[in-house]
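One letter stands for each residue in the lines below.
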6 protein chains.
Amino acid sequence: MKIKIINPNTTQSMTDKIAASAKIVASSGTQIIAVSPQMGPATIESYYDEALSAVGVLEEIRQGELLGVNAYVIACFGDPALYAAREITSAPVIGIAEAAMRTASYVSNGFSVVTTLQRTVNMSWHLAHRYGATPFCKNVRACDIAVEELELPDSDAYRTIRDECKKALVEDKSDAIVLGCAGMSDLCLKLQNELGVIVIDGVTAAVKQAEMLVQLNLKTSKVGDWASPPVKNYTGILSGFGIR
Amino acid sequence: MKIKIINPNTTQSMTDKIAASAKIVASSGTQIIAVSPQMGPATIESYYDEALSAVGVLEEIRQGELLGVNAYVIACFGDPALYAAREITSAPVIGIAEAAMRTASYVSNGFSVVTTLQRTVNMSWHLAHRYGATPFCKNVRACDIAVEELELPDSDAYRTIRDECKKALVEDKSDAIVLGCAGMSDLCLKLQNELGVIVIDGVTAAVKQAEMLVQLNLKTSKVGDWASPPVKNYTGILSGFGIR
Amino acid sequence: MKIKIINPNTTQSMTDKIAASAKIVASSGTQIIAVSPQMGPATIESYYDEALSAVGVLEEIRQGELLGVNAYVIACFGDPALYAAREITSAPVIGIAEAAMRTASYVSNGFSVVTTLQRTVNMSWHLAHRYGATPFCKNVRACDIAVEELELPDSDAYRTIRDECKKALVEDKSDAIVLGCAGMSDLCLKLQNELGVIVIDGVTAAVKQAEMLVQLNLKTSKVGDWASPPVKNYTGILSGFGIR
Amino acid sequence: MKIKIINPNTTQSMTDKIAASAKIVASSGTQIIAVSPQMGPATIESYYDEALSAVGVLEEIRQGELLGVNAYVIACFGDPALYAAREITSAPVIGIAEAAMRTASYVSNGFSVVTTLQRTVNMSWHLAHRYGATPFCKNVRACDIAVEELELPDSDAYRTIRDECKKALVEDKSDAIVLGCAGMSDLCLKLQNELGVIVIDGVTAAVKQAEMLVQLNLKTSKVGDWASPPVKNYTGILSGFGIR
Amino acid sequence: MKIKIINPNTTQSMTDKIAASAKIVASSGTQIIAVSPQMGPATIESYYDEALSAVGVLEEIRQGELLGVNAYVIACFGDPALYAAREITSAPVIGIAEAAMRTASYVSNGFSVVTTLQRTVNMSWHLAHRYGATPFCKNVRACDIAVEELELPDSDAYRTIRDECKKALVEDKSDAIVLGCAGMSDLCLKLQNELGVIVIDGVTAAVKQAEMLVQLNLKTSKVGDWASPPVKNYTGILSGFGIR
Amino acid sequence: MKIKIINPNTTQSMTDKIAASAKIVASSGTQIIAVSPQMGPATIESYYDEALSAVGVLEEIRQGELLGVNAYVIACFGDPALYAAREITSAPVIGIAEAAMRTASYVSNGFSVVTTLQRTVNMSWHLAHRYGATPFCKNVRACDIAVEELELPDSDAYRTIRDECKKALVEDKSDAIVLGCAGMSDLCLKLQNELGVIVIDGVTAAVKQAEMLVQLNLKTSKVGDWASPPVKNYTGILSGFGIR
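First things first, this report covers the structure right here in the doc.

Reading the values: the criteria
Every residue gets a number counted from 1 within its own chain, in the order that chain's sequence is written. Starting at A for chains and at 1 for ligands, labels are handed out in the order in which the entities are written. Under the rules for a predicted model, residues below a pLDDT of 70 receive no local features and side-chain atom pairs below 80 are neither given nor counted, while totals for whole chains, interfaces and linings still include all residues. The basis for the side-chain values is all heavy atoms of the structure; hydrogens and waters are excluded. Whenever a carboxyl oxygen of Asp or Glu lies within 4 Å of a side-chain nitrogen of Lys or Arg, that contact is scored as a salt bridge. Three exposure classes are used, based on accessible area relative to the maximum for each residue type with a 1.4 Å probe and protein chains only: buried under 20%, partly exposed in between, and exposed over 50%. Runs of H or I in DSSP of at least four residues are treated as helices and runs of E of at least two as strands, each being numbered from the N terminus. Axis definition: a line fit to C-alpha positions, over the contact stretch in the case of helices; interaxial angles, taken between N-to-C directions, run 0 to 180 degrees. Roughly parallel refers to an angle under 35 degrees, roughly antiparallel to one over 145, roughly perpendicular to one between 65 and 115, and oblique to any angle outside these ranges. Working rule for contacts: check all heavy atoms of both residues, and any pair within 4.5 Å makes them a contact. Superposition of the copies was done by least squares, using only C-alpha atoms of residues whose pLDDT is at least 70 in both. Two parts placed together each lose some accessible area; with a 1.4 Å probe, that loss summed over both constitutes the buried area. Note: two strands are recorded as paired if DSSP finds a minimum of 2 bridges between them. Whenever two N or O atoms come within 3.5 Å, that pair is a polar contact, provided that in protein one can donate a hydrogen and the other can accept it, and provided that, for residues adjacent in sequence, both atoms are side-chain atoms. Residue classes follow a fixed rule: Ala, Val, Leu, Ile, Met, Phe, Trp, Tyr, Cys and Pro count as nonpolar, while Asp, Glu, Lys and Arg count as charged, and any other residue, Gly among them, counts as polar. Geometry of aromatic contacts follows a simple scheme: Phe, Tyr and Trp rings, the Trp one being its six-membered ring, pair when their centres are within 6.5 Å, and the pair is stacked under 30 degrees between planes, edge-to-face over 60, tilted otherwise. We call a crossover right-handed when, viewed with both strands directed away from the observer, the connection leading from the first strand over the helix to the second proceeds clockwise.

Let's shift gears to the pattern of salt bridges. One side chain can pair with another of opposite charge once the charged atoms of both are near each other. Taken as a whole and judged by the stated rule, the model has 91 salt bridges over all chains. Between Asp156(D) and Arg159(D) there is a salt bridge, with its nearest N and O atoms 2.9 Å apart. The exposure class of Arg159(D) is partly exposed, given its relative accessible area of 45%. A salt bridge links Asp186(E) to Lys17(E); the nearest nitrogen and oxygen atoms lie 3.8 Å apart. Here Lys17(E) lies in helix H1 (residues 12–25) and Asp186(E) lies in the loop between strand E8 (176–179) and helix H7 (188–195), a separation of 169 residues in the sequence. You can call Lys17(E) buried: its relative accessible area is 13%. Connected through shared salt-bridge partners, Arg141(B), Glu164(B), Lys167(B), Glu171(B) and Asp172(B) make up one network.

Okay, here's the thing in structure tokens:
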């Protein structure tokens, strides 16, 4: 089975990290293909970055269709272009935010999301509402860390995140942590060990969720609003995206 | 990996059917142990049946703990005793209703639940609320079939269910069907083929979800309200259920 | 009129306390029958205890039907087996959590529930949602008192509860207190006097609510999902619970 | 105990009917005082009528305070001036809509409100939201009957209401009916007999609820936003309403 | 275009202030008519005041109809009698709370309401729910200032409000302030300058919203529950309010 | 004042139509600049089209910033890229769906949205939730008309839309219609005349809303999550979108 993981930003070191996390949990028969798009933002830290990252995400889905990919993972906690991606493939497409929150809900009766910048907190709440995770999500907390800091070898990021997680457990009375950024994927085990509670990383959760859907032969429904988009001309730098 | 599937009712033919469905989708390294409890109702069709089935479910969890079970599935669409079960094990425990609804939400943007008796419709809606599935659940429909009818070789059950599914697709404008009873597990593929849409069966969804959580090493959180229950005496016919 | 109060746990001293509270408020024509079941947990402090207490509650309802009981009260703030109980009688059945919260909503525009253990807080919120009390419930607070402590003559329980109530009034800006445990019933008046605000105890509220429904000749509806459960065999230690 | 029932409209025949219904269910020690205000609309069928009826309701509360009334009932299904009334008395004040909906929720797991004019349907839904009754309220249906028609001896009102109730039971799959107008109070038993399901009338429910609160010595909380209104001058035709 | 602004209280200095604010933003072709009713409370600080202020508001609407007013603004943050007012005119009627909250939602992704007394906080939340503003309203905060204090030249009101706004920005992580009282209208610009964030005043927002609706020729719908109230007799001091 | 209206699709005839509608309602001092982007889909009928249209919308905002535009309107009922657009300008940005729904809520107590394709119905409901319009939105109905059909001189589109509106008024008991597509803008008055109810077009509502915000000097808040996006490199065909 081929699972294509699309890191919607163009930072290769993060893609590599994501790929490494994914490969650790992938089943033996699963081939992990992890990519960054050929275009778009270096990191995703705003609605603007998120909106524009859709182009690269959708391009990678289109490329994946030529290769017979069996399932896709969109590896950014904003789940950019998730529903759009589902329209142009019948393979399952999983966002890491939905996978993280839904997976957490099986083992936690009240988790906190710990994410990077305060400005993305509303976005995470919006997703929690969309996915019906609000009964299980006690709080969304920001660390005031820029995404690129997670890539710097000498940064204090780990410590800052760990301290915010500790505050979450005490102040929110949470029983688990959901990591709110694909770039935190490599910190998951270390945090889990140090905190002594379940820590859920969306990348690994989404990979296993994708495998599960493929094994169950469950594909994106094509009879409702995720059916293939109507045939259409596209122009300008997007002319290649037309639907035939 | 050992996955124990607990059919909360005592109808062995249904347990066998559930086991068969589970084995079809289980991974090669997974051992499926499917049981009915030594006590309780023949089928579950009321709040009363559901409440009393908890005894058998919890007894089977306790037995499972002695055998080193890695994950449990509660195979009744009312998810009886789910949260109680989670308290007495650190292995993941999955209800088929939560697994069916959450799994459906990855591939459907609006499904209908098709269940047996009208009197269980409120119960399914209550679960949809508890699990945050209401944004994806367009309707819950009953077929007015008793659960035991699903076990009769000559019953019209299949046809009745299929017709209700067809109505769901047209009237609810749904794009997928969620089967609202473990006893429908064997009808899933046949329905999917005849209806031409995704049909989700909670038993198979829960088995794969259980495998996934074990593979990710995600266990039930033990620091919140799913921690082990306080030590306590039990008396009478329940004296064996005391917590030490 | 006979009102049977079922204390779902087996601690007789608590049952006695509940009976005493009930008798103070009961009308002259009301006979209070307060019982603990012959089986089950000594106190209820977890989902596990709550699930298993259903057996004793339902057995007591069945016994009550033989005696022509006019209304039942389930005297545990988790309202265990409430909907199941309603199915096997046409007499009204009242849970003390629903009675406390709904009664409070007539005299308070924002109350705090003060309960025993933190691990039951989610459960109370879940009930508040089920009964539609969330517009009136500002907070649910735990005192970190075990239920059995409420039975100890020398415990600090009263002081701890009173202090949490005081915090509720200031921090939650609440205008009333709802006691979150049947075992606090005897503290209600003392707290009300010392705090100077309305304090609502579910036991007394439920008894009066039960009287009211009987006087209005309002019985549990038998045409929807609280109709009598379908006829069914039960086996094992539950064989006596079969429905004929 | 004195319970004052305020029919917020000025139609004496309706007040008489309400008083009769109330007296049937009142306890022997309860004195029912039923009044229409000295001012205001003949019937209440609009937001306009409801807003202006507040003057008379509040005047009657003020008069009641001079007589030592123990509890008040506002007998119009829009519950006009309910929260305002609570501010100027420490006696409980009960609206018939809240009493009907909350009382119904003890014996019904899904009722339909049957009311007079379509233009009041939104209002009833708004109250259902305010009181947290939406989990139990399946539908609000109008009969297209003017309120005054309920007072005409030869009207078809009974038949029209009964037919709408029948539709509610079938189409809404409801298990009980809540009458959406104080003027239907006298039809309650007849409907219940003919329909064979529970029918809840807000007037009788509110009277018993009021008795219950008095017997429990529960008064309107005076420490939150139902505390006495700040001292204030009133002018013009409302000069008598000033707060000292 | 004539816009009539009704200050529902009788404090002329506040009406003058409101008029001044309105005139600053009104378009050149707009005539601002600002009035206090001939009756009612000096300020509005309770449900009681709010309910009784309806009489004056509705009287002023009725007067306005004789003058051909094109749109009305109700200038109290409780939006008293808003829906009733809409029934007796086809001109648009705008409440300052709805205008403030909806206008804020175009430029803020999470605002705090800063209002006068704690006892009105529930009321503001209720309006936020009614108008669908809860996704955008992070908090409602009170300053513990009486409304009349806003009229005193030497009061500390400005400083108190400003400090509460500062707390809102930090503690609620809000990005804008909504002023929760018409009497704060004159402080808006000063606060905006000192705080460095958007501050929304309902009076000016409502005036512009009213102009906009008139320019779009959008009138209050007369086919639903805001249609003209049914013809009706009124008696007593309200006899002038009858509908013909 | 310069208002730039961005039609997110590339169909010039629709842009012309939108411009014409806008100019009819624009104030005399308002300059309407209506554009289609240089790139993107011919029409927007799927999540895919909507996601990709963001590029053109954001490019047009960037161009607008060079020209000193005072406010922007995004003229597609999916409000594509709305929050992203707000980040890169301090001018107000208005989506036609939010403007239509919020404007409708001032004059209607229950409207129906009538849109083009069934596959966009979920999207409209999602927006209704996001903007808090669900209390006022009774239904979203599709006409099964492709967007481009609205541009064909001989199409039956008008008749089909009108008939769906009529059904909405009867079946949904709505009191107003909200047009669910910018391409229906020119039909608004004709529909209003023929249907005899308020019909709200998002284009004209948004233009007036934009004028109003400019006149009130209310700009997009720059202190929360709509602050300017963090500085960032963009690559590939999106390299021009980098933030400095």
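Still more ground to cover, so stick around.
This paragraph deals with the packing of helix H4 (residues 96–107) of chain A against helix H8 (residues 202–215) of chain B. H8(B) packs onto H4(A) with a crossing angle of 90° between their chain directions and a minimal axis gap of 11 Å. If you check the angle between H4(A) and H8(B), you find them roughly perpendicular. When H4(A) is examined against H8(B), the residues Thr103(A), Tyr106(A) and Val107(A) are found in contact with a partner set consisting of Gln209(B), Met212(B) and Leu213(B).

Quick look at the relation of the copies chain C and chain B now. Each copy superposes on the other: chain C lies on chain B with an RMSD of 0.0 Å after a rotation of 180° and an axial shift of 0.0 Å. Both copies of the chain, as the preceding transformation shows, are related through a two-fold rotation axis. Looking at the interface residues of chain C, 100% of them are also at the interface in chain B, so both copies use one shared face.

A few words now on the interface of chain D and chain E. Taken together, the contacts link 43 residues of chain D with 42 residues of chain E. Surface buried jointly by chain D and chain E totals about 3,700 Å² across both partners, of which 62% is contributed by carbon and sulfur atoms. Taken together, the connections running from chain D to chain E amount to 6 salt bridges. One salt bridge in this structure joins Asp49(D) and Lys232(E), with 2.8 Å as the shortest N-O distance.

No interface is formed between chain A and chain D, the nearest pair of C-alpha atoms being 16 Å apart. Chain F makes no contact with chain C, the minimum C-alpha separation between the two being 16 Å.

Residues and elements named next belong to chain C. Strands sit in the order E2-E1-E4-E5 across an open sheet of 4 strands; the sheet is parallel. At either margin of the open sheet sits one strand with a lone partner, and together these are strand E2 (31–35) and strand E5 (93–95). This sheet shows a mean twist of 20° between the axes of neighbouring strands, independent of strand direction. In the sheet, strand E1 (residues 2–6) pairs with strand E4 (residues 71–74) via 4 bridges, with the strands oriented parallel. Considered in E4, the bridge of Ile-6 is made with Ile-74.

The next subject is the interface of chain C and chain B. Every contact between the two is made by 42 residues of chain C and, on the other side, 43 residues of chain B. Summed over both sides, the interface of chain C with chain B buries roughly 3,700 Å², with 62% coming from carbon and sulfur. The tally of links between chain C and chain B comes to 6 salt bridges. Counting every contact that joins chain C to chain B gives 31 residue pairs in polar contact (both at pLDDT 80 or more). Counting only elements with at least two residues in the side of chain C that touches chain B, the list comes to strand E3 (40–41), helix H2 (47–66), helix H3 (82–87), helix H5 (121–130) and strand E10 (234–235) of chain C. If one sorts the elements of the side of chain C that touches chain B by residue count, H2(C) sits on top with 9 residues. Split into classes, the residues belonging to the side of chain C that touches chain B amount to 23 nonpolar, 11 polar and 8 charged. Relative to E3(C), strand E10 (residues 234–235) of chain B runs antiparallel, the two sharing 2 bridges. Counterpart to Thr235(B) in the pairing with E3(C) is Gly40(C).

This part takes up the sheet that holds strand E2 (residues 31–35) of chain D. What holds strands together in a sheet is hydrogen bonding between their backbones, with the strands either parallel or antiparallel. Residues and elements named next belong to chain D. Spatially, 4 strands are ordered E2-E1-E4-E5 in an open sheet, and the strand pairing comes out parallel. Strands at the two margins of the open sheet, each flanked by one partner only, are E2 and strand E5 (93–95). Recorded for the sheet is a direction-independent mean angle of 20° between the axes of neighbouring strands. Together, strand E1 (2–6), E2 and strand E4 (71–74) form the strand contacts of helix H2 (residues 47–67), whose direction differs from that of E1 by roughly 165°.

Let us now look at the packing of aromatic side chains. Applying the stated criterion across every chain, the model contains 18 aromatic pairs over all chains. Geometrically, the ring pair formed by Tyr83(B) and Tyr47(C) is edge-to-face, given 5.3 Å between the ring centres and 85° between the ring planes. Within this pair, whereas Tyr83(B) is found in helix H3 (residues 82–87), its partner Tyr47(C) is found in helix H2, the two belonging to separate chains. Considered together, Tyr83(B) and Tyr47(C) belong to a single accessibility category, that of buried residues.

Turning our eyes to something else, we now look at the relation of the copies chain D and chain E. Rotating chain D by 180° and translating it 0.0 Å along the rotation axis places it on chain E, where the RMSD comes to 0.0 Å. Both copies contact each other with a shared surface, as 98% of the interface residues of chain D are interface residues in chain E too.

Let's shift gears to the environment of Ala54(E). As for its placement among the helices and strands, Ala54(E) is situated in helix H2 (residues 47–66). Taking the C-alpha atoms as reference, Ala54(E) lies 29 Å from Pro135(E); in sequence the two are 81 residues apart. The contact partners of Ala54(E), leaving out residues within four places of it in the chain, are Ala51(D) and Ala81(E).

Another point: the pairing of E1(C). Residue and element names in this part refer to chain C. Counted residue by residue, E1 has 4 buried out of 5 residues, so it is predominantly covered. Sheet analysis places E1 next to E2, joined by 5 bridges and oriented parallel. Looking at E2, one finds that Lys-2 is bridged to Gln-31. Traced from E1 through helix H1 (residues 12–25) to E2, the parallel crossover comes out right-handed.

Residues and elements named next belong to chain B. In this fold, Ala-176 is placed in strand E8 (residues 176–179). Residue classification places Ala-176 among the buried residues on the basis of a relative accessible area of 0%. A sequence separation of 39 residues divides Ala-176 from Cys-137, and the C-alpha atoms of the two residues are 9.8 Å apart. If sequence neighbours within four positions are ignored, Ala-176 has contacts with Ser-108, Gly-110, Phe-111, Ser-112, Leu-169, Ile-198 and Ile-200.

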